[in-house]
Amino acid sequence: MWTQIKNDWEHIKHALQARWERLSAADIDAINGDRTALCNRLQAHYELTSDDANGEVMQWENQYRADAAERANPAGDNAEELTHIADSKELLQYSAGYADDETAPELGSDPPGKGSRAT
């Protein structure tokens, strides 16, 4: 993951500086996509323990992964849910107007007034 971060550093560094405002532009340039350097700078500027700095970076990594996944698949995990909602809407539109299941035609057949006509 950090290889990708290093490759995208020019785009990412502004978001890092916005998240950790105590890091100067010189700090961000010196970090240059190096995870250990980021942890060290966070320890120094925020008076964090090594574990706390690592935790901060892990939280940022998780958000970075989630954002990258969202950019790669905008529908995300909701794609299946959206399909289910569309199917449910279609079923509701089909069965609208029927008081009970006994009067509704079998699902998959044409409702009255639709499709082919009996001759």
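Everything that follows concerns the structure shown earlier in this document.
Residue numbers restart at each chain and count upward from 1, following the sequence in its written direction. Residue-level local features of this predicted model are given only where pLDDT is at least 70; pairs of side-chain atoms are given and counted only at 80 or more, and the full residue set underlies all totals for whole chains, interfaces and linings. Side-chain metrics rest on all non-hydrogen atoms present in the structure, leaving aside hydrogens and water.

Chemist: Please explain the nonpolar core as it appears in this structure.
Modeler: Across soluble globular proteins, nonpolar side chains have a tendency to be buried as a group. As used in this record, nonpolar core signifies buried Ala, Val, Leu, Ile, Met, Phe, Trp, Tyr and Cys residues forming a set joined through side-chain atoms within 4.5 Å. Accessibility here uses a 1.4 Å probe with only protein chains present; expressed as a share of the type maximum, an area under 20% marks a residue as buried, one over 50% as exposed, and anything in between as partly exposed. Membership of the largest hydrophobic core comes to 17 residues, with the highest contact counts inside it found for Leu16, Leu38 and Trp60. Put simply, DSSP H or I for four residues or longer makes a helix, DSSP E for two residues or longer makes a strand, and each gets a number counted from the N terminus. When residues of this core are traced back to their parent elements, those giving at least two are helix H1 (2-7), helix H2 (9-19), helix H3 (25-31), helix H4 (35-46) and helix H5 (50-72). Aside from chain neighbours lying at most four places away, what touches Leu16 is Trp9, Ile28, Leu38 and Trp60. In this analysis, two residues are considered to be in contact whenever any of their non-hydrogen atoms come within 4.5 Å of each other.

Chemist: Sorry if this is basic, but what is going on with the environment of Ala53 here?
Modeler: As for its position among the elements, Ala53 is in helix H5. Given the relative accessible area of 0%, Ala53 is considered buried. Considering only alpha carbons, one finds Ala53 and Gln43, 10 residues apart in sequence, at a separation of 5.8 Å. Sequence-distant contacts of Ala53, defined by excluding residues within four places in its chain, comprise Cys39, Leu42, Gln43 and Leu48.

Chemist: What am I meant to see in H5 here?
Modeler: Residues lying three or four places apart along an α-helix face the same way, a consequence of the helix completing one turn every 3.6 residues. The end-to-end C-alpha separation of H5 is 32 Å, in line with the 33 Å expected for 23 residues at 1.5 Å each. When we look at burial in H5, the residues that qualify are Ala53, Val57, Trp60, Glu61 and Tyr64. As for H5, its buried residues are in contact with H1, H2 and H4. By this rule the span expected of a helix is its residue count minus one, scaled by 1.5 Å.

Chemist: What exactly am I supposed to notice about the packing of H2 against H5 here?
Modeler: To describe two helices that pack against each other, one gives the angle between their axes and the distance between the axes. Relative orientation of the contacting elements H2 and H5 amounts to 130°, with a least axis distance of 13 Å. With respect to their mutual orientation, H2 and H5 come out oblique. For the pair H2 and H5, the crossing hand works out as right-handed. Residues Ile12, Leu16 and Arg19 of H2 lie in contact with H5, whose contacting residues are Glu56, Gln59, Trp60 and Tyr64. Residues were grouped as follows: Ala, Val, Leu, Ile, Met, Phe, Trp, Tyr, Cys and Pro as nonpolar; Asp, Glu, Lys and Arg as charged; and all remaining residues, including Gly, as polar. Its residues placed into classes, the contact of H2 with H5 shows four nonpolar, one polar and two charged. Structural elements are reduced to axes, namely lines fitted to C-alpha atoms, with helices fitted over the stretch in contact, and the angle between N-to-C directions of any two is expressed from 0 to 180 degrees. In what follows, roughly perpendicular refers to angles from 65 to 115 degrees, roughly parallel to angles under 35, roughly antiparallel to angles over 145, and oblique to any angle outside these ranges. A clockwise turn of the near helix away from the far one marks a right-handed crossing, whereas an anticlockwise turn of less than a right angle marks a left-handed crossing.

Chemist: What's the story with the packing of aromatic side chains in this structure? I'm lost.
Modeler: By convention here, two paired aromatic rings are described through the distance between centres and the angle between planes. Note on ring pairs: Phe, Tyr and Trp rings are taken, using the six-membered ring of Trp, and paired if centres are within 6.5 Å. Classes follow the plane angle, with under 30 degrees stacked, over 60 edge-to-face and the rest tilted. Summed over all chains, the structure comprises two aromatic pairs. Both rings, one in Trp2 and one in Trp60, keep their centres 5.9 Å apart while their planes meet at 45°; by these two values the pair is tilted. Of the two residues, Trp2 is situated in helix H1 and Trp60 in helix H5; the sequence distance between them amounts to 58 residues. With a centroid separation of 5.3 Å and an interplanar angle of 25°, the aromatic rings of Trp60 and Tyr64 are classed as stacked. Separated by four residues within a single helix, Trp60 and Tyr64 lie in helix H5, roughly one turn from each other. The buried category is assigned to Trp60, whose relative accessible area is 7%. Classification of Tyr64 as buried rests on a relative accessible area of 9%.

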